[in-house]
Amino acid sequence: MSTDLQSGKVLRIHEIVNRGSSLDGQAVRTIGKLVQYNAATSTAVLSTNDGTKLTISTRLLDPFPYHLHSLIQVIGEVELSAPGKELFIVPRVARCVDGLDLRLYDEALGVWRQFLEQQGQAQEQDELPSDIFDM
């Protein structure tokens, strides 16, 4: 196993769920509303407005300081619980992004992807430009 950390590919939750096992072992970055947390199993569930859900393992984040219905952004690796089983993310970083304008974020993500396509870069870009989200 390599000790080099990959930057997380910016993906929407439904994109992660749809790609499924093809993302196993890859680093991703996503945002969702915290709808469930189970301290006993160190798991939480993030959801989108359309109801798509994604389980995250909180074992690297315990104690888990976030509140239900908060908007959470995570960066971590995609794993499968077993072949053909549930897909989940093991985040190494999480942060509360309550107040983020999701419509504007989604629009910016679309513009960024268009830019990459115009530059002839694959949409599966592994690294973001270092200043992409500098404020």
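Conventions used here
- Position numbers for residues count from 1 along each chain, tracking the sequence in the order it is written.
- Only residues with pLDDT of 70 or above have their local features reported here, since the model is predicted, and side-chain atom pairs are shown and tallied only from 80 upward, although totals for entire chains, interfaces and linings are computed over all residues.
- Computation of side-chain values: all heavy atoms of the structure, hydrogens and water removed.
- Buried Ala, Val, Leu, Ile, Met, Phe, Trp, Tyr and Cys residues that are joined via side-chain atoms within 4.5 Å together make up what is termed a nonpolar core.
- Note on classification: 1.4 Å probe, protein chains only; a residue is buried when its accessible area is under 20% of the maximum for its type, exposed when over 50%, partly exposed between these limits.
- Secondary structure counts use DSSP, requiring at least four H or I residues in a row for a helix and at least two E residues in a row for a strand, with both numbered from the N terminus.
- Here a residue-residue contact requires only that any non-hydrogen atoms of the pair lie within 4.5 Å.
- Salt bridge, as used here: a side-chain nitrogen of Lys or Arg that lies within 4 Å of a carboxyl oxygen of Asp or Glu.
- Think of it this way: a Phe, Tyr or Trp ring, Trp meaning its six-membered ring, pairs with another when their centres are within 6.5 Å, and the plane angle makes it stacked under 30 degrees, edge-to-face over 60, tilted otherwise.
- A helix is expected to span 1.5 Å multiplied by its residue count minus one.
- An arc is given here, and it is the one of the directions from the helix axis to the C-beta atoms.

**Student:** Outline the nonpolar core, supporting the account with residue identities and numerical values.
**Tutor:** Counting 18 residues, the largest nonpolar core has I16, L46, I56 and I89 as the members making the most contacts within it. At the level of elements, α1 (13-19), β2 (27-38), β3 (43-47), β4 (53-57), β5 (71-80) and β6 (87-96) are the ones that each hand at least two residues to this core. Discounting residues that sit within four places of it in the chain, I89 has contacts with I16, V28, T30, L54, T55, I56, S57, G76, E77 and V78. V97, Y105, L109 and L116 belong to the second largest nonpolar core, which has eight residues in total.

**Student:** Give me the lowdown on unusual backbone geometry, citing residues and values where you can.
**Tutor:** Residue P63 is bonded to the preceding D62 through a cis peptide linkage, with omega at 0 degrees. Mapped onto the fold, P63 is located in the loop between β4 and β5. Within the chain, S42 stands out as a residue other than glycine whose phi angle is a positive 55 degrees. Relative to the elements of secondary structure, S42 occurs in the loop between β2 and β3.

**Student:** So what about the pattern of salt bridges? Which residues, and what values?
**Tutor:** By the definition in use, this model includes six salt bridges. R92 is the salt-bridge partner of E77, the closest N and O atoms lying 2.2 Å from each other. With a gap of 15 residues between them, E77 in strand β5 and R92 in strand β6 connect regions that are remote in the sequence. For R92, a relative accessible area of 25% translates into the label partly exposed. When the shortest N-O distance is used, the salt bridge between E107 and R103 registers 3.3 Å. A residue pair is termed a helical-turn pair when its members lie 3 or 4 positions apart in one helix, as E107 and R103 do in helix α2 (residues 102-118) at four residues. Note on E107: relative accessible area 45%, which makes it partly exposed. Since its relative accessible area comes to 57%, R103 is described here as exposed.

**Student:** Could you give an account of the packing of aromatic side chains, with specific residues and numbers?
**Tutor:** In this structure the tally under the stated criterion is two aromatic pairs. Aromatic pair Y37 and F64: ring centres 4.8 Å apart, planes at 25 degrees, arrangement stacked. Residue Y37 is found in strand β2, and its partner F64 is found in the loop between β4 and β5; the two are separated by 27 residues along the sequence. Residue class for F64 comes out buried when judged on its relative accessible area of 11%.

**Student:** Which residues make up α2, and what are the values?
**Tutor:** Here α2 spans 24 Å end to end across 17 residues, near enough to the 24 Å set by a 1.5 Å rise per residue. Within α2, the full set of buried residues consists of Y105, L109, W112, R113 and L116. Buried residues in α2, looked at end-on, bunch into an arc of 100 degrees, giving them a common side. Among the exposed residues of α2, those oriented more than 90 degrees off its buried face are R103, E117 and Q118. Tucked into the core, α2 has its buried residues touching β1 (9-10), α1, β2 and β5.

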